[in-house]
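# Fold and contact review
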Amino acid sequence: MAPALQISIPTASTATPPGNKPFTQYHVVLQLPLRKHEVKKRYSDFTDLHTALAAQTGQPPPVTLPPKSWIRRTVNNDALTEERRQGLEKYLKSIVEADDARWRSSSAWRSFLNLPSGTSTLHANGSLSSTGKRPESAGGTADPNQWLDVHRDLKTQVQAARQQLKQREAATTAQSQHALAADAKASLVRAATSIAQLEDGLRSISAASKGDDAGWGGTMKLGDGEIRRRRDLLGAAKKEVEGLEGLLRSMATKSSNVSSAVQAGAVASAGDKAALWKGTSAAKPSGRVLGGPLKETERTRELDNNGVLQLQQQVMEDQEEDVLSLGKTVSRMKDMGIMINEELTIQNEMLGLVDQDVERHQGKLDVARSRIGKIS
């Protein structure tokens, strides 16, 4: 669960710009466990926000703004300032805690809080999360229409693997059997990759359909019935791929057993081979030969050619599984890099606000020094 975020207006202060009348500004604070983001807004900024939210979403927020007083001013009235501060804080909290995400997903809301446009959204559970688009390779297929396209590709891959296994079973030569088995394995690997992508995409779509990530009227939102239907389609595809993988393994095992049974009487031991060539020019040298074949191991010593080929295929399959696992790890690291980049963007925005405040205060100090110089 994302860390809880609190929004409040703890204090208010009076600002006196050079050459203008003083006004009251309210300190809006976003409190996260690791950082605090503060912006200062006038009452007119809140009215502009209210107007923009109503225009962009078609409906005003659930709580109205505190009324404007045409007789009293908050600059010299502490009671009125406190009353308005409480009303404005209640207004902001109503937007954050509302079940409807339309106001929180609008550009006016992000602009009011000085958040980077298109990168952050304040959720109903009090969390600040990314809304910017990520590359497709960084995760699953989050678009519902593209999800169906990937599922169609998955069905094509499964059909191709099934056809290749049928051809492999009907093949009569070892070379054609090996080639068709390799093609079927490649199709099943691609199908497994598509299933993982569809699972990630379905989780994203399901989370988006619950409210905040989809936004108001978002195209990513699907009904519960459609999500269940797609989950059933994905489960059926997983079972079919697992069945084909089991069939491929059983075919490989059966072929290995048949070859071993046929050639069991023709397999010679290492001692017999050495005795046969002993004393001839073809005898193996006792020392190391540059570019010569590797020595026999415990796994290959008693295997014939077909057995060694079967062992090599098994090693290649293990290596393919390791590559897939490494690819998932690299994908997770890429996601972490994207999240770190988004965090740095927010931090840079905050540093920019600090620089603006420093420049503003420096300007005030320069004006004050000038006035003091005139007095002295």
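Residues numbered from 1 in each chain as written. Predicted model: local features only at pLDDT ≥ 70, side-chain atom pairs only at ≥ 80, totals over all residues. Heavy atoms only, no water.

Per an unreviewed UniProt entry, the protein goes by the name Syntaxin and belongs to Oleoguttula mirabilis. Listed under Subcellular location (unreviewed entry) in UniProt, the entry text for the protein is "Vacuole". Recorded in UniProt under Function (unreviewed entry), the annotation for the protein is "Essential for proper morphogenesis of the vacuole. May exist as structural reinforcement on the surface of the vacuolar membrane and be required for maintenance against rupture by osmotic pressure." (UniProt positions renumbered as here; feature names shortened; annotations may be inferred.)

What the rule picks out here adds up to eleven salt bridges. Between Glu89 and Arg85 there is a salt bridge, with the nearest N and O atoms lying 4.0 Å from each other. Separated by four residues within a single helix, Glu89 and Arg85 lie in helix α2 (residues 78-97), roughly one turn from each other. You can call Arg85 buried: its relative accessible area is 13%. Of the charged contacts in the structure, one is a salt bridge between Asp149 and Arg152, with a shortest N-O distance of 2.1 Å. Linking Asp149 with Arg152, this pair stays in helix α4 (residues 144-170), spanning three residues, or about one helical turn. Look at Asp149 and you get partly exposed, because its relative accessible area is 35%. Of the residues examined, Arg152 reaches a relative accessible area of 47% and is grouped as partly exposed. What emerges from the salt-bridge pattern is a single network uniting Glu82, Arg85 and Glu89. (Salt bridge = Lys/Arg side-chain N within 4 Å of Asp/Glu carboxyl O. Helix = DSSP H or I, 4+ residues; strand = E, 2+ residues; numbered from the N terminus. Buried < 20%, exposed > 50% of the residue type's maximum accessible area, 1.4 Å probe, protein only.)

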